[in-house]
Amino acid sequence: MSLSREDVQHVASLARLGMDDAEIANMQEQLSSILGHIDVLSELDTDAISPTAQVIALSNVFRADEPGESFTQEQALQNAPASHNGFFAVAAVLGGDEGGSA
Amino acid sequence: MSLPDDLTLLTAAESRVALDNREISSVELTNAYLSRIEKVEPHIHAYLHLMTDMALSQANSADQRIESGDVSDLTGIPIALKDILCTTDAPTTAASKILEGYMSPYDATVVARLREQGAVFLGKTNTDEFAMGSSTENSAFGPTINPWGENRVPGGSSGGSAASVAAREATISLGSDTGGSIRQPAGFCSVVGLKPTYGRVSRFGLLPFASSLDQIGPFARTVEDAAIMLRSISGRDKMDSTSAPIDVPSFTEKFGADLKGVKIGVAKEYSVEGMEPGVDAAVKAALKQLEDLGAELIEVSLPHTEYALATYYITAPAEASANLARYDGVRFGNRIEGDDLIDTYKRTRGQGFGPEVKRRIMLGTYALSSGYYDAYYVKAQKVRTLIKQDFDAAFEQVDAIVAPTSPTVAFELGSRTNDPYAMYLADVFTIPANMAGIPGVSVPAGFSDGMPVGLQLLGKAFDESTLLGIAHAYEQAAGFYKELAEV
């Protein structure tokens, strides 16, 4: 399995990872090599096998929907890179020419 | 018991007796570790953050508790915590620049339980960034050095926790194991390392890497100390819905002198090309020792072992790519401002994460992306079923399975950093247990050219007691735990 430069750029964009040209080239080579090793799985016929997402014998663990103790606003914001009036502050998401480029 | 001049030579069990008999105080014991840390830490770099003031204050409180008779297993015992476990009184960084200086507003459940017991926290130990690696060289804050060889890696990802116990910079430490990150460094550093059954220990407050595989567990100099730590941190926690509502035994109830009537499986698939002859020889000697103790060795087959590594390198990165989406520079961590919000995310993550973390996020994002999901992610989940079925079938015949912990001893610093897949191969024998959710322990099993070899024992889900019983009998008969690294 070999990845193109465009494949790598696309995945980097999906993962919101900024990388320069050298990093993209390096990633292209390394990911292609790792995927080559992973291709060993295609030897196995798994058509009749059901997938395992987790291995514990629990399902649907419920609890009562009751309010409990939670962080204070101060605690919740204590590691925020930027805050404003008790909220997390980020650049505008919507509106204007600059925002909402997603 | 006659006390050694250097109190760091005591195990946790021995320290408990000495503390309860008032032969030593927790403050004395803690000071012995702080002096030891001051002496050896410049050579080892096991710790990212020392908690000296906190440790002495906890030791003082512990001494008061002991005086009043309010004693638990770990009251006054100095321990170390992998820096991927949240603590309110020291930074939690996962050895990543993206979390430099992060102070958690809450304690991980295991930390809270140890705090309640009156344990003493010496500091937070080094790790590969977000526990992704096999050598601790992926730490953003420099590697840890193996106490057994100054140019050798300690293994990883919990290399700091393994080295802290091997160099007697802590009595016991906690690490986390997603694909071998406790057992492999334990083997490389000649200490005991235990990955409990998935669900045995609450993961609340463990910065998540691959949530269906991650499990917290202890490093210790003896199997008994590992059992003591396991019972201190185990049990259902309402903050982790995957923690199992299963009773917690002492984990020492099957300790005995021999292994008569115990059936131990030997899987031919755990002998691979490129295995170091000295490792092979040490494991063969261990098999003989187990037989001499009365165990019956039975050949078993785990035919999908060779597919475990590939399965892991889809499943773990896929889960990681989702888990690490939270590091976006909005609510915590470093932020690098960009032209707009999306550009801020890209710059923050691009500059905050190191190369291996980026590689795994990329691999996982690719495996989960439209058009590749079935071919990679679902395929890996199906092979995971086959790997689990292998173990289910084997455990119908045997009580435990024995294998090397790693195919080689600790490799040289820098020797695998340019070849990610060569690095991944260090975990080829430890990954299957995570895929199946079963417990595994690495016990010191001798040396190959002066570097430690680990013997791995794998057990049935939630039967750590049998596993530790076998490990204890072997450890006492083999005696390698008595050999300490000269640092």
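Undergrad: Teacher, can you tell me more about the packing of helix α4 (residues 109-117) of chain B against helix α7 (residues 223-233) of chain B here?
TA: Between two packed helices, what matters for the description is the angle formed by their axes and the separation of those axes. Residue and element names in this part refer to chain B. In contact at an axis separation of 9 Å, α4 and α7 are set at 105° when each is read in the N-to-C sense. As judged from the angle between their axes, α4 and α7 are roughly perpendicular. Side by side, α4 and α7 meet where Val-110, Arg-113, Leu-114 and Gln-117 of the first sit next to Met-229, Ser-232 and Ile-233 of the second. Class assignment of the residues belonging to the contact of α4 with α7 gives a composition of 4 nonpolar, 2 polar and 1 charged.

Undergrad: Which parts of the structure should I look at to understand the packing of aromatic side chains?
TA: Aromatic ring pairs: the centre-centre distance and the angle between the two ring planes describe each pair. Residue and element names in this part refer to chain B. Evaluation of the coordinates by the stated rule reveals 19 aromatic pairs over all chains. An angle of 55° between the planes, with centres 5.7 Å apart, marks the rings of Tyr-366 and Tyr-376 as tilted. Note that Tyr-366 is positioned in helix α11 (residues 355-368) and Tyr-376 in helix α12 (residues 373-394), a separation of 10 residues in sequence. Per residue, the accessibility class of Tyr-366 equals that of Tyr-376, and both read buried. Look at Tyr-421 and Tyr-424: their rings are 6.2 Å apart centre to centre, the planes differ by 65°, and that puts the pair in the edge-to-face class. Here the residue Tyr-421 and the residue Tyr-424 both occupy positions in helix α13 (residues 420-424), the gap between them amounting to 3 residues, near one helical turn. No difference in accessibility class separates Tyr-421 from Tyr-424, as the two residues are buried. Through pairs of rings, three or more aromatic residues link up here, namely Tyr-102, Phe-130, Tyr-327, Phe-332 and Phe-353. Across from the ring centre of Phe-411, 4.2 Å away, lies the NZ or CZ of Arg-416, which sits over that ring.

Undergrad: Whenever I open this one, the environment of Ser-465 of chain B confuses me. Can you help?
TA: Residues and elements named next belong to chain B. Locating Ser-465 in the fold gives a position in helix α15 (residues 464-478). The spacing of Ser-465 and Phe-255 is 210 residues in sequence and 8.4 Å in space, taken between C-alpha atoms. Apart from residues no more than four positions distant in its own chain, Ser-465 is found in contact with Pro-249, Phe-251, Glu-253 and Lys-254.

Undergrad: How should I be thinking about empty space enclosed by the protein in this particular structure?
TA: Residue and element names in this part refer to chain B. On inspection of all chains with the given rule, the structure shows 4 cavities of 30 Å³ or more. By volume, the largest cavity amounts to about 70 Å³. As for the largest cavity, its lining consists of Trp-148, Val-165, Ala-166, Cys-189, Ser-190, Val-191, Arg-221, Tyr-481, Glu-483, Leu-484 and Ala-485. When the residues that make up the lining of the largest cavity are grouped by side-chain class, the tally is 8 nonpolar, 1 polar and 2 charged.

The rules behind these values
- Residues numbered from 1 in each chain as written.
- Chains lettered and ligands numbered in written order.
- Predicted model: local features only at pLDDT ≥ 70, side-chain atom pairs only at ≥ 80, totals over all residues.
- Heavy atoms only, no water.
- Axes fitted to C-alpha atoms, helices over the stretch in contact; angles between N-to-C directions.
- Helix = DSSP H or I, 4+ residues; strand = E, 2+ residues; numbered from the N terminus.
- Parallel < 35°, antiparallel > 145°, perpendicular 65-115°, else oblique.
- Contact = heavy atoms within 4.5 Å.
- Nonpolar A, V, L, I, M, F, W, Y, C, P; charged D, E, K, R; others polar.
- Phe/Tyr/Trp six-rings, centres within 6.5 Å; stacked < 30°, edge-to-face > 60°.
- Buried < 20%, exposed > 50% of the residue type's maximum accessible area, 1.4 Å probe, protein only.
- Lys NZ or Arg CZ within 6 Å of the ring centre and 35° of its normal.
- 1 Å grid on protein atoms, 1.4 Å probe; cavity = no way out; pocket = protein on both sides within 12 Å on 5 of 7 lines; lining within 4 Å.
- Points joined across faces, edges and corners; volume = space filled by probe spheres on them.

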